[in-house]
Amino acid sequence: MDSLIKNVISRLTQEAQKERMREVDVPPEDRMLAITQDTGEFFNIILKAIKAKNILEIGLSTGYSTLWFCDAIKENSGKIITIEKNQNKILRAKKNFQEAGVENFIDIRHGIALDILNGLLSENKQFDFVFLDADKENTMNYFEIALKMTRIGGIIAIDNMTYPEKYRSEMSAISDRIQQIPNVQSSTVKIGNGEEIILKLAD
Ligand SMILES: C[S@@+](CC[C@H](N)C(=O)[O-])C[C@H]1O[C@@H](n2cnc3c(N)ncnc32)[C@H](O)[C@@H]1O
């Protein structure tokens, strides 16, 4: 791994862990709500294996997952588009990206995810990997758009498939929907908060 990225990831892993264990009192709007470290490792390996170059992330927060992705695409001169509505979190993410020396690889789009996604769709953007990790009520909508924007052989990943419990109904509706689609292969991986890994086999 890139040593600068690794250092920032290490610091953020500790911050995220303290937040998760409630060792620090963070107001809800400032919480990182980051993926777990093993989830980051897992995605990093997948992205290197598929030689991903173009990534779309819905739900940047302070950039923890983005840094794991960035390490994987950096050597391919790849690019990440990542969406976030919270300006304060964007500022924190930018600082993290500067410290890791990767700001040129990451295109942050500030705004409401559905609006930004519809714009990207109209530009016919195609991605190797799309990560859905924003408001869970809209994940189904994000998934339908992501499916159109993922290349054949590309992957869509969805966080929080198994945890927390409060998202169970949204996530089970997504599982049901995925079962109906003939041109994908999918598996729920028991890592972190449960990751749905959806491989697009054909248009
Ligand atoms: C779970 S956090 C993302 C964590 C991040 N992927 C990581 O692992 O470090 C979800 C983020 O999505 C943002 N978000 C929620 N709903 C959104 C929306 N409709 N449009 C844009 N961003 C949204 C929240 O502000 C929050 O920062």
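Our subject in this report is the structure included herewith. Since the model is a prediction, treat every value here as computed from it, not as a measurement.

**Regarding the nonpolar core**
One broad trend across soluble globular proteins is that nonpolar side chains are buried collectively. Within the largest apolar cluster, 35 residues are counted, with the highest numbers of intra-cluster contacts made by Leu67, Val102 and Phe129. Taken together, the elements giving at least two residues each to this core come down to helix H1 (3-20), helix H2 (37-49), helix H3 (64-73), helix H4 (87-100), strand S3 (106-110), strand S4 (127-132) and strand S5 (150-158). When residues in this core are grouped by element, the largest group, seven residues, is from H3. In contact with Leu67, not counting residues within four places along its chain, are Ile5, Val8, Ile9, Leu12, Phe97, Ala100 and Val102.

**Some words on the site of the ligand**
Ile35, Gly59, Ser65, Glu84 and Asp133 are the nearest of the 21 residues found near the ligand. Within the backbone of Ala113, one N or O atom sits 2.9 Å away from a nitrogen atom of the ligand. At 3.2 Å, a side-chain N or O of Asp135 approaches a nitrogen atom of the ligand. Contact with the protein chains covers 92% of the free accessible surface of the ligand, which is 610 Å². Among the detected pockets, the ligand sits in the largest pocket. The class makeup of the residues in the shell around the ligand is 10 nonpolar, five polar and six charged.

**Side note on the sheet that holds S3**
In spatial order, the strands read S3-S2-S1-S4-S5-S7-S6; together these seven strands make up an open sheet with mixed pairing. In this open sheet, the two strands that pair with only one neighbour each are S3 and strand S6 (184-189). The average undirected angle you get between the axes of adjacent strands in this sheet is 15 degrees. Direction of pairing for strand S1 (residues 54-58) relative to strand S2 (residues 79-84): parallel, over a ladder of five bridges. Directly across from Ile58, in S2, lies its bridge partner Ile83. Each of S1, S2, S3 and S4 is contacted by H3, which is oriented at about 170 degrees to S2, the strand it contacts most. Across the sheet, H4 lies against S2 and S3, angled at about 170 degrees from S3, the strand it touches most.

Calculation rules
- Residues numbered from 1 in each chain as written.
- Predicted model: local features only at pLDDT ≥ 70, side-chain atom pairs only at ≥ 80, totals over all residues.
- Heavy atoms only, no water.
- Core = buried A, V, L, I, M, F, W, Y, C linked by side-chain atoms within 4.5 Å.
- Buried < 20%, exposed > 50% of the residue type's maximum accessible area, 1.4 Å probe, protein only.
- Helix = DSSP H or I, 4+ residues; strand = E, 2+ residues; numbered from the N terminus.
- Contact = heavy atoms within 4.5 Å.
- Near = heavy atom within 4 Å.
- Polar contact = N/O pair within 3.5 Å; in protein donor to acceptor, adjacent residues only side chain to side chain.
- Areas by Shrake-Rupley, 256 points an atom, 1.4 Å probe, with all protein chains shown as cover.
- 1 Å grid on protein atoms, 1.4 Å probe; cavity = no way out; pocket = protein on both sides within 12 Å on 5 of 7 lines; lining within 4 Å.
- Sits in = over half its atoms within 2 Å of the grid points.
- Nonpolar A, V, L, I, M, F, W, Y, C, P; charged D, E, K, R; others polar.
- Pairing = 2+ DSSP bridges.
- Axes fitted to C-alpha atoms, helices over the stretch in contact; angles between N-to-C directions.

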